[in-house]
Amino acid sequence: MLSSGQNTAPNPPAAKPANDYSGMYSFLRDGEFVQLTVEEEGHVAGFISCYGDTESDRGEFIDLFFKSGKLDGKSLNFTTQTVHGVWYEFKGTIERGPGKNSGDEAYYLLKGTLTKNNTDANKQTSSKSRDVAFKSFPKDLGAPADRN
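The rules behind each value
Residues numbered from 1 in each chain as written. Predicted model: local features only at pLDDT ≥ 70, side-chain atom pairs only at ≥ 80, totals over all residues. Heavy atoms only, no water. Phe/Tyr/Trp six-rings, centres within 6.5 Å; stacked < 30°, edge-to-face > 60°. Helix = DSSP H or I, 4+ residues; strand = E, 2+ residues; numbered from the N terminus. Buried < 20%, exposed > 50% of the residue type's maximum accessible area, 1.4 Å probe, protein only.

A.B. asks: So what about the packing of aromatic side chains? Which residues, and what values?
C.D. replies: If you walk through the whole model with that rule in mind, you get ten aromatic pairs. Consider the rings of phenylalanine 33 and phenylalanine 47, whose centres lie 5.8 Å apart with planes at 70°: the pair is edge-to-face. Placement of phenylalanine 33 in strand 2 (residues 33–38) and of phenylalanine 47 in strand 3 (residues 44–51) is noted, with a sequence separation of 14 residues between them. Taken individually, phenylalanine 33 and phenylalanine 47 each receive the classification buried, so the pair is uniform in this respect. Ring centres 4.2 Å apart and planes at 10° place the aromatic pair phenylalanine 66 and phenylalanine 78 in the stacked group.

In structure tokens, the structure reads:
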């Protein structure tokens, strides 16, 4: 007698997508980027690497490390340390982008409001906010290019 039982393979545990969010994302101009590292309990570390635009650092790359960062579900917030009187705040979400595979460019998007804060020599602070969408870089960005 043949028994026809169902072959039931156990379901693998769901991957934690938060760790997937870690990586490099585009920033405001070509060559600039955000490095995002999602750690335990939603703590977010990282930095923004961008061109300076003050008299002392115009055209030079500066790194603004995160002073604080938090990922709660898909809600992302971070604030950078101040470098040469400039710091950034981001409030938004991490969303799936148009990239088809997890290693593709724009697989994830950081969408929200970026605020650039400036403190001038007279200790006057000004802020400028804008809506942004930063694309994740391809995961194999550091791999050598195929030269056919």
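A.B. asks: Give a detailed account of unusual backbone geometry, specifying residues and quantitative values.
C.D. replies: For residues besides glycine, phi is generally negative; the peptide bonds are generally trans as well. At histidine 84, a position not held by glycine, the phi torsion is positive, near 50°. On the secondary structure map, histidine 84 appears in the loop between strand 5 (75–80) and strand 6 (86–96). The class for histidine 84 is partly exposed, based on a relative accessible area of 46%. Positive phi, normally seen in glycine, also occurs at lysine 123, with a value near 65°. On the accessibility criterion, lysine 123 (68% relative accessible area) is exposed.

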